[in-house]
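Topology and contacts: notes
The lines below spell out each chain.
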Amino acid sequence: MSETNYHSKKSKNVKGLFSVVCLCIIALGLIVYFSATSGRNATKQNAVNENQTLEITTEVQRAVTVRETQSTTAEETEKSTTSKKKEKTTEKTTMEQGENNTPYKSFYKYPLSEAVAKGYSEELVFDSVMGDYRAHAAVDFKGKEGDEVVAVNDGLVLDVYKDDMLGGVVVIDHGGKLVVKYCGVDNIAVKKGKYVNIGNKIGTLGSVPSEAGEAHLHLEAELDSKTVNPLDVMGKTE
């Protein structure tokens, strides 16, 4: 082989090696470029995902907080309502009995005068006003219209109302299961649910539409839900 051919072949080998090296460098550059681009894209995507996750989490937390707040408010309202109902339920509806308001034993005041217009009777007799037979399960006390009507003892006012047959009516629990109904009362001075003391003014004497005659107070009494003679319970006589 001549020296010229040798040098020519050597030159070709060097050029080939150089080309290979260049291709490798280019390929490496492309790999680095795409890797960097992919990394940036991945970072951006992760950032987006994190933001979306944060937003979703925040919205969920807000929703949970709102529901918890609403639930707490509803529970508090229900407890408050229940508490008020219990308070109403536990309000006193009867008068406590003591040594001063024991039926048949304690002192009771006359509600009007001591004069009795008509006594207590369970016998059926003809009533000219009503046109039928009926008992007079009450005591009528004489008086003049406008006279002061007073409580026979301490008590709790159970009811106040107007009745077509009995006029103005005041119902008082005087303790010891004694409930007295004052009928024919005008200018009523007490209110339902309030307490009265013995001798306190209930109102003034009016009229009893279902009963004829002079002005009088129609007084009925029940002891343990049974009709009784008011005078007997009060320890009085006609």
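The preceding data block contains the structure.
No experiment lies behind these values; they were computed from the predicted model shown. (Residues numbered from 1 in each chain as written. Predicted model: local features only at pLDDT ≥ 70, side-chain atom pairs only at ≥ 80, totals over all residues. Heavy atoms only, no water.)

As for the pairing of strand S12 (residues 216-223)
- A large share of S12 lies buried, amounting to six of its eight residues.
- Bridge count for strand S4 (residues 139-142) against S12 is four bridges, and the pairing is antiparallel. Within S12, the position partnered with valine 139 by the bridge is leucine 219.
- For strand S8 (residues 178-183) and S12, the ladder comprises six bridges, and the chain directions are antiparallel. Looking at the pairing, valine 180 lines up with alanine 221 of S12.
- For S12 and strand S13 (residues 226-228), the ladder comprises three bridges, and the chain directions are antiparallel. Bridge pairing links leucine 223 to lysine 226 in S13.
- Where S12 folds back onto S13 in an antiparallel hairpin, the turn is made up of two residues, including aspartate 224, whose phi is positive at roughly 55°. (Buried < 20%, exposed > 50% of the residue type's maximum accessible area, 1.4 Å probe, protein only. Helix = DSSP H or I, 4+ residues; strand = E, 2+ residues; numbered from the N terminus. Pairing = 2+ DSSP bridges.)

A look at the pairing of strand S6 (residues 155-163)
- Summarising the sheet, S6 and strand S10 (residues 195-196) pair through two bridges and their orientation is antiparallel. Counted as the bridge partner of leucine 156 is tyrosine 195 from S10.
- Alignment of S6 against strand S7 (residues 167-173), held across seven bridges, turns out to be antiparallel. From the neighbouring strand, valine 160 faces S7, where its bridge partner is valine 170.
- Where S6 folds back on S7, the antiparallel hairpin that results is connected by three residues.

Overview of the sheet that holds strand S5 (residues 148-150)
- Strand order in this open sheet of three strands is S5-S11-S9, and the pairing throughout is antiparallel. Each of the sheet's edge strands pairs with one partner strand only, and the pair in question is S5 and strand S9 (185-186).
- The pairing of S9 with strand S11 (residues 201-205) spans two bridges and is classified as antiparallel. When the sheet's bridge partners are listed, valine 185 is paired in S11 with leucine 205.

Focus: the nonpolar core
- Among the nonpolar cores identified, the biggest contains 29 residues, and Phe141, Tyr182, Ile202 and Leu217 are the most heavily contacted of them.
- Within the residue set of this core, elements represented by two or more residues are S4, S7, S8, S11, S12 and helix H2 (230-234).
- The biggest single contributor to this core is S12, with four residues.
- Core analysis: the second largest hydrophobic core is formed by five residues, Leu166, Val169, Val171 and Val208 among them. (Core = buried A, V, L, I, M, F, W, Y, C linked by side-chain atoms within 4.5 Å.)

Some words on unusual backbone geometry
- Even without being glycine, lysine 177 reaches a positive phi, approximately 65°.
- With respect to the helices and strands, the residue lysine 177 is situated in the loop between S7 and S8.
- Even without being glycine, aspartate 224 reaches a positive phi, approximately 55°.
- Its place among the elements puts aspartate 224 in the loop between S12 and S13.
- Under the relative-accessibility criterion, aspartate 224 is labelled partly exposed at 45%.

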